[in-house]
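Topology and contacts: notes
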Amino acid sequence: MTTLFMLPWEPMEERYTGQWWEWLPKSLGVGFDNVTVIAGQALRDRITVGAFLDLNSTAHYKATQLARVAQLFAAGSVKSGDAFWVSDIEFWGIESIRYLARLQGIKVFMFGFLHAASYTTEDFMAPMADIGAYLEPAWVAAFDRVYVGSEYHKYRVTQARLSAAPFGYAPLGERIVVTGNPWRTREVAYGAGARKFEDRDIDICFPHRPDREKRPGVFLRAALSMQRHRGNALKIAFTTGRESYTSTNDPLFIEEVKKAQDSGLVEIHTNLNRPRFYDILGRSKVVVSTAIEENFGYAMLEGMAMGAIPVMPYNYSYPELVAKDRRFLYLPNEDSNKVSMISGHLAKALALTPEQGAELSALAQSLAARYDASEALIHEDMQKTMKGSA
């Protein structure tokens, strides 16, 4: 009898964490006799401190998950041959599972996903890079397999934390497996419904959270430049799952975008759950990213799945997301966030005929659908790893 113990993220409406909460126990639990989901206790359901998750709330959530894990070990519920899944291995104290198991002679397997860490440019955790240089390799060492969304991210963590680590952790790179992020195009698209390209009423959408590392101000200036050239004829949309359009680290942009909203130049959609967010994407012709770095590109993938044409830097993980199709990518590196570069590519996207737009819309959807296989790839590798150690 084997059990898969799952430590999920806290499910939040403004993030895809709720989808992973629902999807992964069913897909990754195949082949185990039991699946036990170890939920934590959140302090709040809104982000007030932090970026992707609320800092204090997620620390409390993870700590209560670990407390439950310790109780399971103490009760004798964890046996040799069992496995743990962790939805985000940037998890303070997660190595304690390996300690609890090894020091009691219990052979368990540990699998998890790595999204970002202190080496990611302007990530909320970047100020912790001095400690992360030591701690993050230890997290990788604690796991049998660590899954990432892109070849770019594998290269990034290997170069920044494993090859460059002061004690030389390069062999740990073999534990990192590129699978793409778990995603289900059909399920998401079915729930919202994408319009035909010619029937879409939003010209340009910024699908990211309004935080500094996403460079929302660069997008706003590029979009308003297009707006001026089009005689204020464009419909430009910003989105958020929060009750109001706020940022934890870019208040100047919030002032800027709200002035544009007051002038009738942009619209801001707030308090969006996932279906309503997907409805906005399904109404959008183009989705744009101006992020300073990206390890996968979930928001852009969501837009693509809903048939929006992506416009994003030829850099980071983005070329992988669209199979290096230059029609979706503007110039890379130091030029990637110049307003003129983005505006030029936007002009091309908005000048497409209905037939051309429909063709690229369908292509974007098919590229997104490739990641429908990600859960199966993770599950297959988990099972292979466990059987190989039997």
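In what follows, the accompanying structure is described. A quick note: this is a predicted structure, and the numbers were derived from the prediction, not measured.

A few points about helix H14 (residues 374-388)
In a regular helix each residue adds 1.5 Å, so 15 residues correspond to 21 Å; H14 covers 21 Å between its end C-alpha atoms and thus fits that length. Residues Ser374, Glu375, Ile378, His379, Asp381, Met382, Gln383, Thr385 and Met386 constitute the buried set of H14. Check the buried side of H14 and you find it contacts strand E1 (3-7), helix H1 (17-28), strand E3 (83-86), strand E4 (109-113), strand E5 (145-148) and strand E6 (176-178).

As for the environment of Asp199
Counting through the fold element by element, Asp199 comes out in the loop between helix H6 (185-192) and strand E7 (202-206). Note: C-alpha distance between Asp199 and Lys285 (86 residues apart in sequence) is 9.2 Å.

Observations concerning the sheet that holds E6
As summarised here, the arrangement of the six strands in space is E2-E1-E3-E4-E5-E6, forming an open sheet in which the pairing is parallel. Edge positions in the sheet fall to strand E2 (34-37) and E6, since each has one partner strand and no second. Neighbour-to-neighbour, the strand axes of this sheet turn through a mean angle of 20°, independent of strand direction. As defined by bridge partners, E4 adjoins E5 across three bridges and the pair is classed as parallel. Within E5, the position partnered with Phe111 by the bridge is Arg145.

Some details on the sheet that holds strand E12 (residues 329-330)
Read from one edge to the other, the open sheet built from six strands follows the order E9-E8-E7-E10-E11-E12, with strand pairing classed as parallel. In this open sheet, the two strands that pair with only one neighbour each are strand E9 (267-269) and E12. As judged from the three bridges shared by strand E8 (residues 236-239) and E9, these two strands associate in the parallel manner. When the bridges of E9 are listed, Thr239 appears paired with His269. With respect to the sheet, helix H7 (residues 216-229) is in contact with E7, E8 and strand E10 (284-288), its orientation differing from that of E8 by roughly 160°.

Looking at the pairing of E10
Counting buried residues in E10 gives four out of five residues, a clear majority hidden from the surface. Alignment of E7 against E10, held across three bridges, turns out to be parallel. Bridged to Ile202 within E10 is Ser284. The pairing of E10 with strand E11 (residues 309-313) spans three bridges and is classified as parallel. Its bridge partner being in E11, Val287 is matched across the sheet by Pro310. Of the crossover connections in this fold, the one passing from E10 over helix H10 (residues 298-305) to the parallel E11 is right-handed.

Topic: the pairing of E11
Most of E11 is tucked away, with five of its five residues classed as buried. Both E11 and E12 contribute to a ladder of two bridges, which runs parallel. Each bridged residue has a counterpart across the sheet, and for Met312 the counterpart in E12 is Leu329.

A word on the packing of H10 against helix H13 (residues 354-369)
Any two packed helices are characterised by how steeply their axes cross, that is the angle between the axes, and by the distance between the axes. Between H10 and H13, the least distance of the axes is 7 Å, while the angle of their chain directions is 125°. Looking at the two axes, H10 sits oblique to H13. Considering only the axes of H10 and H13, their crossing is left-handed. Residues Leu301, Met304 and Ala305 of H10 lie in contact with H13, whose contacting residues are Ala364, Gln365, Leu367 and Ala368. Looking at the contact of H10 with H13 residue by residue, the classes come out as six nonpolar, one polar and no charged.

Describing the packing of aromatic side chains
Applying the stated criterion across every chain yields a total of 22 aromatic pairs. Here the aromatic rings of Tyr16 and Tyr298 are separated by 3.7 Å at their centres, their planes lie at 20°, and the arrangement is stacked. Here Tyr298 lies in helix H10 and Tyr16 lies in the loop between E1 and H1, a separation of 282 residues in the sequence. Comparing Tyr16 with Tyr298 shows no difference in burial state: the two are buried.

About the cut-offs
Residues numbered from 1 in each chain as written. Predicted model: local features only at pLDDT ≥ 70, side-chain atom pairs only at ≥ 80, totals over all residues. Heavy atoms only, no water. Helix = DSSP H or I, 4+ residues; strand = E, 2+ residues; numbered from the N terminus. Expected span 1.5 Å × (residues − 1). Buried < 20%, exposed > 50% of the residue type's maximum accessible area, 1.4 Å probe, protein only. Contact = heavy atoms within 4.5 Å. Pairing = 2+ DSSP bridges. Axes fitted to C-alpha atoms, helices over the stretch in contact; angles between N-to-C directions. Right-handed = clockwise from strand over helix to strand, strands pointing away. Parallel < 35°, antiparallel > 145°, perpendicular 65-115°, else oblique. Left-handed = near helix turned anticlockwise from the far one by under 90°. Nonpolar A, V, L, I, M, F, W, Y, C, P; charged D, E, K, R; others polar. Phe/Tyr/Trp six-rings, centres within 6.5 Å; stacked < 30°, edge-to-face > 60°.

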